[in-house]
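One-letter residues, chain by chain:
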Amino acid sequence: MTTTSREFHLVRRPHGEPVPEDFALVETTVDSPAPGRILVRNEWLSVDPYMRGRMNDVKSYVPPFALGAVMDGGAVGTVVESGDESVPVGTTVLHMAGWREYADVAAKSVQVVDTSIAPAQAYLGVLGTTGLTAYAGLVDIAPVKEGDVVFVSGAAGAVGSVAGQIARKLGAAKVIGSAGGAEKAKRLTDEYGFDVAIDYRLGDLEGQLKAAAPEGIDVYFDNVGGDHLRAAIARMNVGGRIALCGAISQYNVTGPVPGPDNLAMAIGKRLTLRGFIVTDHFNLVPTWIPQAAKWLRDGELRAEETVVEGVENSVEAFLGLLRGANTGKMLIKL
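An account of the accompanying structure is given in this report. (Residues numbered from 1 in each chain as written. Predicted model: local features only at pLDDT ≥ 70, side-chain atom pairs only at ≥ 80, totals over all residues. Heavy atoms only, no water.)

### A few points about the overall build of the chain
Turning to step 1, where the next piece is worked out: Counting its regular elements, the chain contains 9 helices and 15 strands.
Turning to step 2, where the next piece is worked out: Taken against the 2.2 N^0.38 rule, which gives 20 Å for 334 residues, the C-alpha radius of gyration of the chain at 20 Å falls within 12% of a compact globule.
Turning to step 3, where the next piece is worked out: Counting only C-alpha atoms, the chain reaches 65 × 45 × 35 Å along its principal axes.
Turning to step 4, where the next piece is worked out: Counting every position in the chain, which comprises 334 residues, the buried fraction comes to 52%.
Turning to step 5, where the next piece is worked out: A separation threshold of at least 6 residues defines the contact pool for the chain, and within that pool the share at least 24 residues apart is 67%.
Turning to step 6, where the next piece is worked out: Per element, the accessible surface of the chain, about 14500 Å² overall, is 52% carbon and sulfur. (Helix = DSSP H or I, 4+ residues; strand = E, 2+ residues; numbered from the N terminus. Rg over C-alpha atoms; globule rule 2.2 N^0.38 Å. Buried < 20%, exposed > 50% of the residue type's maximum accessible area, 1.4 Å probe, protein only. Contact = heavy atoms within 4.5 Å. Areas by Shrake-Rupley, 256 points an atom, 1.4 Å probe, with all protein chains shown as cover.)

### A word on unusual backbone geometry
Turning to step 1, where the next piece is worked out: The backbone of Trp-99 sits at a positive phi, close to 60°, despite the residue not being glycine.
Turning to step 2, where the next piece is worked out: Phi at Arg-270 is positive, roughly 55°, even though this residue is not glycine.
Turning to step 3, where the next piece is worked out: Following the sequence through the fold, Arg-270 ends up in the loop between helix 7 (265-268) and strand 13 (272-275).

### A few points about the packing of aromatic side chains
Turning to step 1, where the next piece is worked out: All told, the structure shown has 7 aromatic pairs when counted by the stated rule.
Turning to step 2, where the next piece is worked out: Ring geometry for Trp-288 and Trp-295: centres 6.1 Å apart, planes at 75°, overall edge-to-face. With respect to burial, Trp-288 and Trp-295 carry one shared label: buried.
Turning to step 3, where the next piece is worked out: An aromatic cluster is built from Phe-8, Phe-23, Trp-99 and Phe-318, whose rings are joined through pairwise contacts. (Phe/Tyr/Trp six-rings, centres within 6.5 Å; stacked < 30°, edge-to-face > 60°.)

### Describing the pattern of salt bridges
Turning to step 1, where the next piece is worked out: For the coordinates displayed, the defined rule picks out 20 salt bridges.
Turning to step 2, where the next piece is worked out: The partner of Arg-41 in a salt bridge is Glu-43, and the shortest N-O contact between them spans 3.3 Å.
Turning to step 3, where the next piece is worked out: One salt bridge connects Lys-186 with Asp-190, and the closest N-O pair in it is separated by 2.4 Å. Within this pair, Lys-186 and its partner Asp-190 are both found in helix 4 (residues 182-190), separated by 4 residues, close to a single helical turn. You'll find Lys-186 and Asp-190 in the same group, each marked exposed.
Turning to step 4, where the next piece is worked out: Three or more residues are tied together by salt bridges with common partners; here these are Arg-187, Glu-191, Arg-302 and Glu-304. (Salt bridge = Lys/Arg side-chain N within 4 Å of Asp/Glu carboxyl O.)

### As for the pairing of strand 11 (residues 217-222)
Turning to step 1, where the next piece is worked out: Most of strand 11 is tucked away, with 6 of its 6 residues classed as buried.
Turning to step 2, where the next piece is worked out: The pairing of strand 8 (residues 149-152) with strand 11 spans 3 bridges and is parallel. Across the sheet, residue Val-150 finds its bridge partner in strand 11, namely Val-219. (Pairing = 2+ DSSP bridges.)

### Remarks on the pairing of strand 5 (residues 92-95)
Turning to step 1, where the next piece is worked out: The side-chain alternation of strand 5 yields two buried faces, one formed by Thr-92 and Leu-94 and the other by Val-93 and His-95.
Turning to step 2, where the next piece is worked out: Strand direction decides the pairing type here: strand 4 (residues 75-82) and strand 5, joined by 4 bridges, are antiparallel. Paired with Gly-77 across the bridge in strand 5 is Val-93.
Turning to step 3, where the next piece is worked out: Pairing between strand 5 and strand 7 (residues 111-112): 2 bridges, direction antiparallel. Looking at strand 7, one finds that Leu-94 is bridged to Gln-111.

### Structural notes on helix 2 (residues 129-141)
Turning to step 1, where the next piece is worked out: If you check helix 2, its first and last C-alpha atoms are just 15 Å apart, much less than what 13 residues at 1.5 Å a residue would give, namely 18 Å.
Turning to step 2, where the next piece is worked out: The sharpest bend along helix 2 comes to roughly 25°, located at Tyr-135.
Turning to step 3, where the next piece is worked out: Most of helix 2 is tucked away, with 10 of its 13 residues classed as buried.
Turning to step 4, where the next piece is worked out: Within helix 2 the residues assigned to the buried category are Thr-130, Gly-131, Leu-132, Thr-133, Ala-134, Tyr-135, Ala-136, Gly-137, Leu-138 and Ile-141.
Turning to step 5, where the next piece is worked out: The inward-facing, buried residues of helix 2 abut helix 3 (158-169), strand 11, strand 12 (236-244), strand 13, helix 8 (285-297) and strand 15 (329-333). (Expected span 1.5 Å × (residues − 1). Bend = angle between axes of the 7 residues up to and from the residue.)

### Here's the deal with the environment of Asp-280
Turning to step 1, where the next piece is worked out: When you line up the elements, Asp-280 lands in the loop between strand 13 and helix 8.
Turning to step 2, where the next piece is worked out: Residue classification places Asp-280 among the exposed positions, given a relative accessible area of 57%.
Turning to step 3, where the next piece is worked out: Placed 134 residues apart in sequence, Asp-280 and Glu-146 show a C-alpha to C-alpha distance of 25 Å.

Now the structure itself:
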């Protein structure tokens, strides 16, 4: 069987903030899969900040996107043809051949997902690497202890909103979140259970953080970098732990980015600043998925989604993500 599929290619490397002209929607055909491979009709595509870094031709922890070739990213879909009896037609799978409608992938490269415990798209968000990132950051990288004060930047995003809720589950006495805009800040306290919400667009981030945490901060989960990291270092308590997850404030810059000018404070405060990549923590998957699924089922964990429909709108969704248009996980529904 030959199937027509639409997919996005990167045709030009962005300079600064990406623009629609950097991408092209291409129509192609996909044939029946060879032995050991499967054909998946994608139903949900993941949109993630790390994709911006892959658009630059620089060495990183994941290879850059190739120009003139289909992009890729997390996706969930249904097997419509199978060349491997271990993954039969009708199976729902998670894989990394997103940004397209149909994907021909190696059967051994996919993860079969259980849609009886959570919706399929949850495996791209709270039950997938998004939720696992938040969990690993607060369990392995900057462990939360009973009674800690925890600060999360990018707290209305996919990772940050889950991180704040996990911090509470791990015994944090106070959870503070930063987000852009009054509406997002209000949702942090009203819907995600944060004790204090900071709207960084109001300015004086350090002053707002000092007012929110006069007792200091024990754990900082950093999704933003820049001024947020500087403000957090200023408020950290002795022995504080910082999980360096992302730096979205710097993803579109075109020149060198200075580090926090107060980094020397980490010496006297005996701080731990540790960067991490979620793929180094897949050993936590067997613990995280059943725990998160139970919390979801019991209503103890809220996983917000911002859904854009149609593969043709993937770039629009990605650009919106970089501008903070999403609350929770940004997804494309096909």
